[in-house]
Amino acid sequence: MIKIYLASASPRRKEILEMMKLDFTVSLAETDESIGADTDMESVGEILATRKAHALREKLLGEGSFDKETVIIAADTLVYVGNVPLGKPSDADDALRMLSVLSNRSHTVCTGTCVIYGDRSISSSDLSTVYFGDVSKEEARAYVATGEPLDKAGAYAIQGIGASFVRYIEGDFFSVMGLSPKTVRRLFSALGISYFDLINGANHEV
């Protein structure tokens with residue numbers, strides 16, 4: 001029987017897997033998130049997601065909780081303006097700065113995803129372009145006062161109040177949110193896992 005672990009504390013990723021009707025457990029492992037300054041944008045999220053997944057695999061192996069029927073899902077999302085990354089704001093002033101940078105321009109959201117199944121691992125990277133309309137200083141201050149931007153890469157939540165600033169998206173909404181169901185299903189399939197068998201309760205043969 002397949003047992004799924006989500007290697008993320010993100011409420012958004014948890015919500016997406018719940019929406020997909022997957023039965024899973026959230027579990028975390030300490031991960032080195034340092035990355036070389038010359039690493040290309042598209043690779044960073046995939047590298048970090050892969051590290052998270054393999055760190056959790058090692059943790060579960062040490063606990064005796066990992067076997068050939070264990071699946072681990074990990075993801076990492078980054079926001080870039082040009083080639084400059086915008087992480088999570090350090091405080092309210094930093095969030096205001098980021099919103100000012102995003103106003104009336106496009107930015108790139110890169111989500112890397114890694115799935116481990118037994119001794120096999122696969123990963124991919126999804127790029128989406130998000131176009132913001134005008135964000136006035138007054139609106140930015142009011143938005144920051146809600147608290148929503150303070151723990152989000154790029155200082156906004158596309159699935160929340162921050163959606164009101166978005167003109168349109170080229171790409172996958174859920175990837176911008178933090179995890180793409182389409183990508184999860186595709187990576188499952190590449191590893192020989194039938195997503196619909198999982199959610200319909202069918203037994204899976206390795």
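Now for a quick tour of the structure. Just so you know, these numbers come straight off a predicted model, no measurement behind them.

## Focus on unusual backbone geometry
Now for step 1: One non-glycine residue with positive phi stands out, namely Asn 104, at about 60 degrees.
Now for step 2: For Asn 104, the location among the structural elements is in the loop between α3 (92–102) and β5 (106–117).
Now for step 3: In the Ramachandran plot, Ala 155 falls in the positive-phi region, its phi being about 65 degrees despite a non-glycine side chain.
Now for step 4: Residue placement: Ala 155 occurs in the loop between α4 (137–145) and β7 (166–170).
Now for step 5: You can call Ala 155 buried: its relative accessible area is 0%.

## Regarding the pairing of strand β6 (residues 120–132)
Now for step 1: Sheet topology note: the β5/β6 ladder contains 12 bridges and is antiparallel. Residue pairing for β6: Cys 114 is matched across the bridge by Ser 123.

## Digging into the pattern of salt bridges
Any two side chains of opposite charge can pair if their charged atoms end up close together.
Now for step 1: Counted under the stated rule, the structure contains six salt bridges.
Now for step 2: For Lys 14, the salt bridge is made with Glu 18, and the minimal N-O distance between the two is 2.7 Å. Within this pair, Lys 14 and its partner Glu 18 are both found in helix α1 (residues 11–19), separated by four residues, close to a single helical turn.
Now for step 3: On the accessibility criterion, Lys 14 (35% relative accessible area) is partly exposed.
Now for step 4: A salt bridge links Arg 57 to Glu 58, with the nearest nitrogen and oxygen atoms 3.7 Å apart.
Now for step 5: The exposure class assigned to Glu 58 is exposed, which follows from its relative accessible area of 51%.

## Overview of the packing of aromatic side chains
Now for step 1: Taken as a whole, this structure holds six aromatic pairs when the rule is applied.
Now for step 2: Measuring from ring centre to ring centre gives 4.3 Å for Tyr 131 and Tyr 168, while their planes differ by 20 degrees; the resulting arrangement is stacked. With Tyr 131 in strand β6 and Tyr 168 in strand β7, this pair connects stretches of sequence that are 37 residues apart.
Now for step 3: Assessed through its relative accessible area of 38%, Tyr 168 is described here as partly exposed.
Now for step 4: A centroid spacing of 5.3 Å and a plane angle of 75 degrees characterise the contact between Tyr 143 and Phe 165, whose relative ring orientation is edge-to-face. On the criterion of sequence distance, the pair formed by Tyr 143 in helix α4 and Phe 165 in the loop between α4 and β7 is long-range, its members being 22 residues apart. For the pair Tyr 143 and Phe 165, a shared accessibility class is recorded, and that class is buried.
Now for step 5: One aromatic cluster is present, formed by Phe 132, Tyr 143, Tyr 156 and Phe 165 through successive ring pairs.

## Some thoughts on helix α6 (residues 181–190)
Now for step 1: For α6, every residue scored as buried is listed here: Pro 181, Thr 183, Val 184, Leu 187 and Phe 188. Angular distribution of buried residues about the axis of α6 spans 160 degrees; they occupy a single face of the element. Relative to its buried face, α6 has exposed residues pointing more than 90 degrees away, namely Lys 182 and Ser 189.

Rules used in this analysis
Residues numbered from 1 in each chain as written. Predicted model: local features only at pLDDT ≥ 70, side-chain atom pairs only at ≥ 80, totals over all residues. Heavy atoms only, no water. Helix = DSSP H or I, 4+ residues; strand = E, 2+ residues; numbered from the N terminus. Buried < 20%, exposed > 50% of the residue type's maximum accessible area, 1.4 Å probe, protein only. Pairing = 2+ DSSP bridges. Salt bridge = Lys/Arg side-chain N within 4 Å of Asp/Glu carboxyl O. Phe/Tyr/Trp six-rings, centres within 6.5 Å; stacked < 30°, edge-to-face > 60°. Arc of directions from axis to C-beta.

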